[in-house]
Amino acid sequence: MGNIHSSTWFTMPGFYIGLACCLLVGAAIALYVMLRKRKAMCTSSQPPASATRNKTTSLLPPPRSMSGIVPPFAYEDESPWAWLEYKSGNFLGQRLALKRTIATIGRDEECDIWLDDEMASWKHAELAWTPEQAYLTDCESLNGTMRNKHKVRGTTMINSNDIITIGTHSFLFITEAQKIEPVEDDPLTRHTWRSAQDLMTPSAKQEIVTQDPNTPRPSMLNTDGELQIDDGEMAGRTIVLNQPLLTVGRDTNCHILLVDASISRQHAQFLSQIDGDYVQDLASRNGTTVNGEALSAPRRLQTGDIVGIGNIHMTYTATPRTPLPQPRIDISPSRPGMLHSGPVPLRLPSRQK
């Protein structure tokens, strides 16, 4: 009896301790569940900001560029709906007018805004206009597109004074509603996009541009210019400037076809004049140089000049033209049986007596 009493005495405290532990664990679980329900009720009344943004964007999907289709102008008078102002680089302060509803940006020359930047993708981003809102879309670029230092994922709405960063280039986005104050020293006011004819003086236009490409080379020119290609796939080849007008570029319609990414489709042209051969840049992307000096007007070439067209360099040489042999004309009195090198005398019938 003594043994049974003592074992019961020692097991009773353990039972109560275990029961107390179970109650504490149950209370903790019940409190946790109540707190979770209360938090869920508070957060369910207001959706997340990201969900609101996604919903707003999905309601107004922006137009996207399509290959072979030119987007229309935003306004009938072809006035800009926005501008992009360079905030860095060599074009700091210049503004690009956005007139069509979609503007593509990238390293491809087919883009509306071409960037000479290895950090930019071929087709990097797009700007789209709708009557309600403007949009910025990242075209799955390699290095991404930034809006106000935040990475753009897919399509986002863009507002005036936003900063767009693509590669090493930064732009200030300005809408038409914002008044653009004229800048006193804005480089764009001093820059005019010119065609090949606009770069020439009036006398040069009359002498050079108005030539018929099918006309023969001026007879007073006693030299034939030659260009030797110094680098590239065609290094060592010689081009003879034996036509009054020869165009150079990547376009298959050019007289001299150079396949290189640094060369524009219509890059430059060579013109033969009475006083020599001229080279002229055709408003190309990377420009044309002579001995390292960029061209802004037609320039007459001298022997030894190095002409740079993109990454391709050519050496100019003026070689004397070989005179053609002239036919020997015999002016001695004609004799019976002799051959005449000139025209045969015409014998008229004599008048009958």
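Predicted, not measured: the structure shown is a model, and the values here were computed from it.

(A) Representation of the overall build of the protein chain within the structure. Looking only at helices and strands, the protein chain features three helices and 22 strands. Counting every position in the protein chain, which comprises 353 residues, the buried fraction comes to 31%. Long-range pairs, those at least 24 residues apart, make up 46% of the contacts in the protein chain with a sequence separation of at least 6. Accessible surface for the protein chain amounts to roughly 24200 Å². Of this, 57% is attributable to carbon and sulfur atoms.

(B) Local environment of the pairing of strand 16 (residues 268–273). Along strand 16, six of the six residues are buried, which leaves the element largely enclosed by surrounding structure. Going residue by residue along strand 16, you find Ala 268, Phe 270 and Ser 272 tucked away on one face and Gln 269, Leu 271 and Gln 273 tucked away on the opposite face as well. Relative to strand 16, strand 14 (residues 245–249) runs antiparallel, the two being bridged by four bridges. Within strand 16, the position partnered with Thr 247 by the bridge is Gln 269. Pairing of strand 16 with strand 17 (residues 276–281), which is carried by six bridges, proceeds in the antiparallel orientation. If you follow Ser 272 over to strand 17, its bridge partner there is Asp 277. From the end of strand 16 to the start of strand 17, which pair antiparallel, there are two residues.

(C) Molecular detail of the pairing of strand 21 (residues 306–309). One ladder, built from three bridges, connects strand 18 (residues 288–290) with strand 21; its direction is antiparallel. Residue Val 290 lies in a different strand from strand 21, and its bridge partner there is Val 307. Where strand 21 meets strand 22 (residues 312–320), four bridges bridge the pair, whose relative direction is antiparallel. Bridging across to strand 22, Ile 306 finds its partner in Thr 315. Taking the residues that link successive antiparallel strands as the turn, the strand 21-strand 22 hairpin has two residues, and the phi of Gly 310 there is positive, at about 65°.

(D) Summary view of the sheet that holds strand 16. Strand order across the open sheet formed by five strands is 15-14-16-17-20, with mixed pairing between neighbours. At either margin of the open sheet sits one strand with a lone partner, and together these are strand 15 (256–257) and strand 20 (299–300).

(E) A look at unusual backbone geometry. Backbone geometry places Ala 283, a non-glycine residue, at a positive phi of 55°. Structurally, Ala 283 can be placed in the loop between strand 17 and strand 18. Even without a glycine there, the phi angle at Asn 291 is positive, about 55°. Tracing the backbone shows Asn 291 in the loop between strand 18 and strand 19 (293–294).

(F) A look at the sheet that holds strand 4 (residues 113–114). What the five strands build is an open sheet, ordered 4-3-5-6-9; its pairing is mixed. Edge positions in the open sheet fall to strand 4 and strand 9 (155–158), since each of these has one partner strand only. As judged from the two bridges shared by strand 3 (residues 102–106) and strand 4, these two strands associate in the parallel manner. Directly across from Gly 106, in strand 4, lies its bridge partner Trp 114.

(G) Inspection of the environment of Ser 284 at higher detail. Within the secondary structure layout, Ser 284 lies in the loop between strand 17 and strand 18. Taking the C-alpha atoms as reference points, Ser 284 and Ser 264, 20 residues apart in sequence, are found 5.7 Å from one another. In this structure the side chain of Ser 284 is engaged in a polar contact, spanning 2.6 Å, whose partner is the side chain of Asp 281.

(H) Representation of the side chain of Ser 170 within the structure. Examined against the element boundaries, Ser 170 turns out to sit in strand 11 (residues 169–175). In contact with Ser 170, not counting residues within four places along its chain, are Glu 85, Tyr 86, Lys 87, Ser 88, Ile 164 and Thr 165.

(I) A look at the pattern of salt bridges. Under the definition given, this model contains eight salt bridges. Residues Glu 126 and Arg 64 are paired through a salt bridge, measuring 2.9 Å at the closest nitrogen-oxygen approach. Within this pair, whereas Glu 126 is found in strand 5 (residues 125–129), its partner Arg 64 is found in the loop between helix 2 (49–59) and strand 1 (82–86), the two being separated by 62 residues in sequence. Judged by its relative accessible area of 1%, Glu 126 is buried. One salt-bridge network, held together by shared partners, links Arg 64, Lys 123 and Glu 126.

(J) Inspection of the nonpolar core at higher detail. Of all hydrophobic cores here, the largest spans 22 residues; its most connected members are Trp 81, Leu 84, Leu 98, Leu 127, Ile 164 and Phe 173. Those elements giving two or more residues to this core turn out to be strand 1, strand 3, strand 5, strand 6 (134–138), strand 10 (163–166) and strand 11. Core analysis: the second largest hydrophobic core is formed by 20 residues, Val 248, Leu 258, Ile 309 and Tyr 316 among them.

(K) Up close: the packing of aromatic side chains. Evaluation of the coordinates by the stated rule reveals three aromatic pairs. Taken together, a centroid distance of 5.6 Å and an interplanar angle of 65° make the contact between Tyr 75 and Trp 129 edge-to-face. Pair noted here: Tyr 75 is in the loop between helix 2 and strand 1 and Trp 129 is in strand 5, with a separation of 54 residues, a long-range link. Residue classification places Tyr 75 among the partly exposed positions, given a relative accessible area of 24%. A ring pair is formed by Tyr 86 and Phe 171, whose centres lie 4.9 Å apart and whose planes are at 55°; its orientation type is tilted. Within this pair, whereas Tyr 86 is found in strand 1, its partner Phe 171 is found in strand 11, the two being separated by 85 residues in sequence.

Rules and cut-offs
Residues numbered from 1 in each chain as written. Predicted model: local features only at pLDDT ≥ 70, side-chain atom pairs only at ≥ 80, totals over all residues. Heavy atoms only, no water. Helix = DSSP H or I, 4+ residues; strand = E, 2+ residues; numbered from the N terminus. Buried < 20%, exposed > 50% of the residue type's maximum accessible area, 1.4 Å probe, protein only. Contact = heavy atoms within 4.5 Å. Areas by Shrake-Rupley, 256 points an atom, 1.4 Å probe, with all protein chains shown as cover. Pairing = 2+ DSSP bridges. Polar contact = N/O pair within 3.5 Å; in protein donor to acceptor, adjacent residues only side chain to side chain. Salt bridge = Lys/Arg side-chain N within 4 Å of Asp/Glu carboxyl O. Core = buried A, V, L, I, M, F, W, Y, C linked by side-chain atoms within 4.5 Å. Phe/Tyr/Trp six-rings, centres within 6.5 Å; stacked < 30°, edge-to-face > 60°.

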